[in-house]
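# Understanding the architecture of this molecule
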Amino acid sequence: MRRLLCALIVSFAGAAMAAAPAPQQAHAANETAVAIFAGGCFWCMEHPFDVLPGVISTTAGYTGGAKRKPTYEQVSAGGTGHAEAVRVRYHPSQISYEELLEVFWHNVDPLAVDRQFCDRGTQYRSAIFYTGVEQQRLALASRAALQASGKFGAPIATSVEPAGAFYAAEEYHQNYYVKNPVRYKFYRYNCGR
């Protein structure tokens, strides 16, 4: 009897798993998700995500520190523990978190410790701030794959951390590349990005 019951449970579970939609298909068309990445100056991190189909919006801001409602002056001085970051709101039915991770890795120096390109300090560190267990798993797997790729002769310095409070930066920082295209291009060029 026990063996029959186990066989029925296994059979039912297998049928249920076969009937379940694939993870990518499980997202409703209007469902949105959030990803948070720190990759040095947030001015340079908005544009690569903004151009992706499925990305709804990006917000430059501060996260990863202890100070509540920090200002740009406080964060850029380096005493808050926050990193300049970008919050990406996207449709998972149109673009996957894995695709966002690929864009992130192509826009940072993963070996740099407490800096990115010409910006120095912990506020310019590279980090992936995950918002759930699945994002954590995917971020750790992508970092491990990058390390195992053999492309780098040093350890990946980018951290994978739980997301905490995210504070939007001042309005003049939002979409800086659109509002100040000449200054933005000059900054990127001089920083070697």
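Residues numbered from 1 in each chain as written. Predicted model: local features only at pLDDT ≥ 70, side-chain atom pairs only at ≥ 80, totals over all residues. Heavy atoms only, no water.

## Here we look at the environment of Phe49
Stated formally: Put simply, DSSP H or I for four residues or longer makes a helix, DSSP E for two residues or longer makes a strand, and each gets a number counted from the N terminus. A simple rule labels every residue: compare its accessible area, found with a 1.4 Å probe on the protein chains alone, to the largest value its type can have, and call it buried under 20%, exposed over 50%, or partly exposed in between. Between two residues, a contact is recorded if the distance between any of their heavy atoms is within 4.5 Å.
In this structure, Phe49 sits in helix H2 (residues 43-50). We classify Phe49 as buried; its relative accessible area is 1%. Taking the C-alpha atoms as reference points, Phe49 and Leu100, 51 residues apart in sequence, are found 7.6 Å from one another. For Phe49, the contacting residues outside a window of four places in its chain are Phe37, Val55, Thr58, Val86, Val88, Leu100, Val103 and Phe104.

## Observations concerning the pairing of strand S3 (residues 83-90)
Put simply, the rule reads: Any two strands with at least two DSSP-identified bridges between them are counted as paired.
Counting buried residues along S3, 6 of its 8 residues qualify, which places the element largely inside the surrounding structure. Relative to S3, strand S1 (residues 33-39) is paired through 5 bridges, and the arrangement is antiparallel. Directly across from Ile36, in S3, lies its bridge partner Arg87. In this sheet, S3 lies alongside strand S2 (residues 55-63) in antiparallel orientation, the contact comprising 8 bridges. Residue Tyr62 lies in a different strand from S3, and its bridge partner there is Glu84.

## Side note on the sheet that holds S3
Remark on secondary structure: sheet strands pair via backbone hydrogen bonds, oriented parallel or antiparallel. Using the following cut-off: Axis geometry follows a simple rule: fit a line to the C-alpha atoms, using only the stretch in contact for helices, then measure angles between N-to-C directions, giving values from 0 to 180 degrees.
Strand order in the open sheet formed by 6 strands is S7-S6-S1-S3-S2-S8, and the pairing between neighbours is mixed. The strands lining the two open edges of the sheet, one partner per strand, are strand S7 (159-162) and strand S8 (166-168). Averaged over all pairs of adjacent strands, the angle between their axes in this sheet comes to 35°, without regard to strand direction. Here 4 bridges tie strand S6 (residues 126-130) to S7, and the two strands are oriented parallel to one another. In the strand pairing of S7, Tyr130 is matched with Pro162.

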